[in-house]
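Close look at the chain arrangement
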Amino acid sequence: MKIAIFDSGLGGITVLSEAMRRMPGEQFIYFADTKHVPYGTKSHEEVKQNILESVRIIAEEPIQALVVACNTATSIGIRDLRMQYPFPVIGMEPAVKPAVAITRPIGKRVLVLATQLTLKESKYKDLVQRVDDYGIVDSLPMPGLVTLCEELQFDEQLVDEYVGRQFEGLALQDYGTVVLGCTHFPFFKRHLAKWFAPNVKMIDGAKGTVNRLMEVVKADRHGSTGSLPNVDFRCSGEDKQYVHKMKQALEMISDGGSNEFDESK
Ligand code: DGL
């Protein structure tokens, strides 16, 4: 049976790439809800409907596990999905806990980048409340990065202009760790890193999520069939070019690699 990986758009490709690298021999379905991307600027109710509709389509064929490779969708829909479906559902949340753990001892602050909706939800607020004993966590929405990623727009100058505007007024030298709390953001790791000192850590959720996935499906780390991992790319919208885009995004991120730490939920 296949493993399904789901996101609003291209962001979950950052998780797919990590899963393919570490779980050769597995068969994957990658589903992008292109009809409704982006999620992060919509309302809780709207996104909840979009998630349930998407997973209804995904679950039309038997799957062994579902990875919600989207921080926004996890905070909105994970509980309903776990209640409604018999297969394991693995979600993601911004890696605030490990970020605080490594940053507090060095006397620096943590900057969490995510979508507006993720940052607004009680799941995120509760998480920060639980782990941020010393008040060192700042949160910043970066919706423009989702749009740029969906357009496969990584032009240095364009991205710099947007990121610069978002960072205005922040004391960037105070940060020791940046949490990439949206699966679209690792595509911009290089663009973001240059605003910070070279020793500042950027952490995302891909590795932790795949650790959890491997526990759940008890995958043979060395691959059982010797065959290459196979991906069935799908989307909810009409855009015929989108499969090509997904493949391009996968190629790009596979060249760049992913990060340590991170949390799955
Ligand atoms: N990739 C998603 C996340 O991890 C959301 C992007 C969006 O659709 O706004 O939060």
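Source: prediction; values computed, not measured.

With that settled, consider the nonpolar core. Ranked by internal contacts, the top residues of the largest apolar core, which has 55 residues, are Ile13, Leu16, Leu113, Leu145 and Phe167. With sequence-adjacent residues up to four places away left out, isoleucine 13 is seen in contact with Tyr30, Phe187, Phe233, Met246, Ala249, Leu250 and Ile253.

The parallel open sheet is built from five strands, whose spatial order is β4-β3-β1-β2-β9. Of all strands in the sheet, those with a lone pairing partner are β4 (89-90) and β9 (230-235), marking the two edges. Sheet analysis places strand β1 (residues 2-7) next to strand β2 (residues 27-32), joined by five bridges and oriented parallel. Pairing of isoleucine 5 across the sheet is with tyrosine 30, part of β2. Each of β1, β2, β3 (63-68) and β9 touches helix α1 (residues 13-22); the most contacted strand, β2, lies at about 175 degrees to it.

Counted according to the given criterion, the structure contains 13 salt bridges. Notably, a salt bridge pairs lysine 48 with aspartate 80, separated by 3.5 Å at the nearest N-O pair. Taken together, the positions of lysine 48 in helix α2 (residues 44-58) and aspartate 80 in helix α3 (residues 71-84) put the pair 32 residues apart, joining distant regions of the chain. Just as lysine 48 is buried, aspartate 80 falls in that class too. The partner of aspartate 138 in a salt bridge is arginine 109, and the shortest N-O contact between them spans 2.9 Å. Of the two residues, aspartate 138 is situated in strand β6 (residues 137-141) and arginine 109 in strand β5 (residues 109-114); the sequence distance between them amounts to 29 residues. According to the relative accessible area criterion, aspartate 138 is partly exposed, its value standing at 22%. Classification of arginine 109 by relative accessible area gives partly exposed; the value is 26%. Through salt bridges with shared partners, a single network forms among Lys2, Glu61, Asp232 and Arg234.

Definitions and cut-offs
- Counting restarts for each chain, with residues numbered from 1 along the sequence as it is written.
- Confidence filtering applies because this is a predicted model: local features only for residues at pLDDT of at least 70, side-chain atom pairs given and counted only at 80 or more, and all residues used for totals across whole chains, interfaces and linings.
- In computing side-chain properties, one takes all heavy atoms of the structure into account and sets aside hydrogens as well as water.
- As used in this record, nonpolar core signifies buried Ala, Val, Leu, Ile, Met, Phe, Trp, Tyr and Cys residues forming a set joined through side-chain atoms within 4.5 Å.
- Exposed residues in this analysis have more than 50% of their type's maximum accessible area, buried residues have under 20%, and partly exposed residues fall in between, with area computed by a 1.4 Å probe over protein chains only.
- We call two residues contacting when some pair of their heavy atoms lies within 4.5 Å.
- Strands pair, by our definition, only if DSSP identifies at least two bridges between them.
- Numbering of helices and strands runs from the N terminus; a helix is a DSSP stretch of H or I covering at least four residues, while a strand is a stretch of E covering at least two.
- Here an angle of 0 to 180 degrees is reported between the N-to-C directions of two axes, which are lines fitted to C-alpha atoms, with helices fitted over the stretch in contact.
- By definition here, a salt bridge exists when the distance from a side-chain nitrogen of Lys or Arg to a carboxyl oxygen of Asp or Glu is within 4 Å.

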